[in-house]
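# Fold and geometry: a report
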Amino acid sequence: MTLDTVELVNSHIANDLDGAFPDLVRDMQHGIYSGVRRMVPSSADAEDITQETFIRAYRALGGYSSDRIRELNLPGWLWTIALNLCRNAARTRSRRPRTVELDRDAFFTGRGPEAEVVEADENRRWSELLEGLPSAQRTAVVLRHVVGLTYQEISVATGRPQGTVKADVHRGITKLQEVLS
Amino acid sequence: MIEENLAELATEAPGTVLPQVLLETDLADGYVPHSGPTGAMFVSFNKRGVSSITLDDDAADFEDRFEIQFGRPVFPVAELPPKLSRGLDKALATKRLGTLQIDWEGMSEFQQAVLRKTAEILPGEVRPYSWIAKEIGNPKAVRAVGTALARNPVPIVVPCHRVVRNDGHLGNYYYGTDVKRAVLEAEGMDVDTLEGLADRGIKLTGSDTTHIFCNPTCRDARRTTKRHTVEFRNESEARRAGYRPCQHCRPAVA
């Protein structure tokens, strides 16, 4: 996101949370899901955590002043929630109950079983590679290169200084290269 | 190289993420298909209760029209929340709103008053628009009552089909007069007899033993045998004959 869009999104949310929130989910869901998918074992867990991230974000934003919302680093802030949920998921592996359950048959994913299998193999290979990294490095590498966050956003998300984050990404990539060569 | 591989791991979130989030944050409604007195219908709901009932079976069309009307999306869900499900089944079985929760938000006070009053009309009975207007303390707002009923988002459970023209004829219905007739007949109403009275200009009936006059479909009026039934064209005719209004159906509440 460019600085202009960031300001626009933030002020839109500050002015009209209910009106702007669906667009925020539309824009950010793919990034959150892609990253979370690399940090939890199953796509069902990843979907659950992605949903829960936005649900918690909405509830938190409802209690924030508009000034506070304007100053938020939204991608970084959303990722603090998501990372927390990923950590908790490692401990308790159960689906959060929803007030209402979607009729999932009505939402056909459009992908055939073959594509699913190919994707599953690729997924497993990368999951194993990434799992070989220390968790700080794995998080930094995923957020930087799978999700495409800036170092500043990763720093907000992880609560670690930018310099440390940069070093984590660098060390992680080097380690992956060693394993792959 | 490895960075490119990692970038390729980016994928789209499943299509269920956005709907589930919006349902959970109350920014969208859920809906289920349900059977009703005229066949298939869609029932939508949110945390406040049932938000709409649509006598239709085209899901895509329903979803589009819902979003235009309510300004928020609606998504198919596996089932109604248990409390609403019980309330709806009971409302359909007893043909009375009962304790079924309705989402009244977004309706004007006036429309709420009209619909809540309409919900008091018992199955097998009908009332004219002017009766609703009088009962809610707004006797001149007959036309506005018609508009409020035409925009009833929860037909069947709020029985706008039980409100008829002031002359006693069935009058309009969102789904057409034929559907109105079918729903009334399904609740045991003798529509032909009702229309027959309307054709002859009869708006009230009384009993010559009690000297009480009623709306023709009032359950008290229906207890009167044909031999003792007196017909009136209007309230003053009934009063001149020495009759007083029924306290149950309140045919003259002005």
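What counts and what doesn't
- Sequence order as written defines residue numbering, which begins from 1 separately in each chain.
- Lettering of chains starts at A and numbering of ligands starts at 1, both following the order in which they are written.
- Under the rules for a predicted model, residues below a pLDDT of 70 receive no local features and side-chain atom pairs below 80 are neither given nor counted, while totals for whole chains, interfaces and linings still include all residues.
- Excluding hydrogens and water, the side-chain figures rest on all heavy atoms present in the structure.
- Each domain's limits were defined by an automated method or a database of domain assignments.
- Contacts: residue pairs with any heavy atoms within 4.5 Å of one another.
- Using a 1.4 Å probe, buried area is obtained as the accessible area two parts lose upon being combined, added over both of them.
- Throughout this description, the term salt bridge denotes a Lys or Arg side-chain nitrogen within 4 Å of a carboxyl oxygen of Asp or Glu.
- Distance and chemistry together define a polar contact, namely a pair of N or O atoms within 3.5 Å, with one atom able to donate a hydrogen and the other to accept it when in protein, and with adjacent residues in sequence counting only for side-chain atoms on both sides.
- Each helix is a run of H or I in the DSSP string that is no shorter than four residues. Each strand is a run of E no shorter than two, and both are numbered from the N terminus.
- Lys, Arg, Asp and Glu make up the charged group, whereas Ala, Val, Leu, Ile, Met, Phe, Trp, Tyr, Cys and Pro make up the nonpolar group; the residues left over, Gly among them, are polar.

### Quick look at the domain arrangement of chain B
Residue and element names in this part refer to chain B.
- Here chain B is described as being made up of domain 1 (17–94), domain 2 (109–197) and domain 3 (202–245).
- On a C-alpha basis, the centroid separation for the pair domain 1 and domain 2 is 23 Å.
- Each side of the interface is counted separately: domain 1 has 14 residues, and domain 2 has ten residues.
- In this assembly, domain 1 packs against domain 2 so that about 910 Å² is buried in total across both faces, 74% of it on carbon and sulfur atoms.
- Looking at the side of domain 1 facing domain 2, the largest losses of area belong to P37, I53 and L55, adding up to 52% of the total buried there.
- Where domain 1 packs against domain 2, one counts zero salt bridges.
- At the boundary of domain 1 and domain 2, one finds two residue pairs in polar contact (both at pLDDT 80 or more).
- If you list the elements that add at least two residues to the side of domain 1 that touches domain 2, you get strand 3 (49–54), helix 3 (59–70) and helix 4 (82–94).

### Some remarks on the interface of chain A and chain B
- On the chain B side, the residues contacting the 37 residues of chain A number 30 residues.
- Our enumeration of links across chain A and chain B arrives at zero salt bridges.
- Between the two partners, chain A and chain B, sit six residue pairs in polar contact (both at pLDDT 80 or more).
- Residue assignment for the side of chain A that touches chain B shows that the elements contributing at least two residues are helix 2 (17–37), helix 3 (43–62), helix 6 (113–131), helix 7 (135–147) and helix 9 (162–180) of chain A.
- Broken down by element, the side of chain A that touches chain B gets its largest block of residues, nine residues, from helix 2 of chain A.
- Residue composition of the side of chain A that touches chain B, grouped by class: 18 nonpolar, eight polar and eleven charged.

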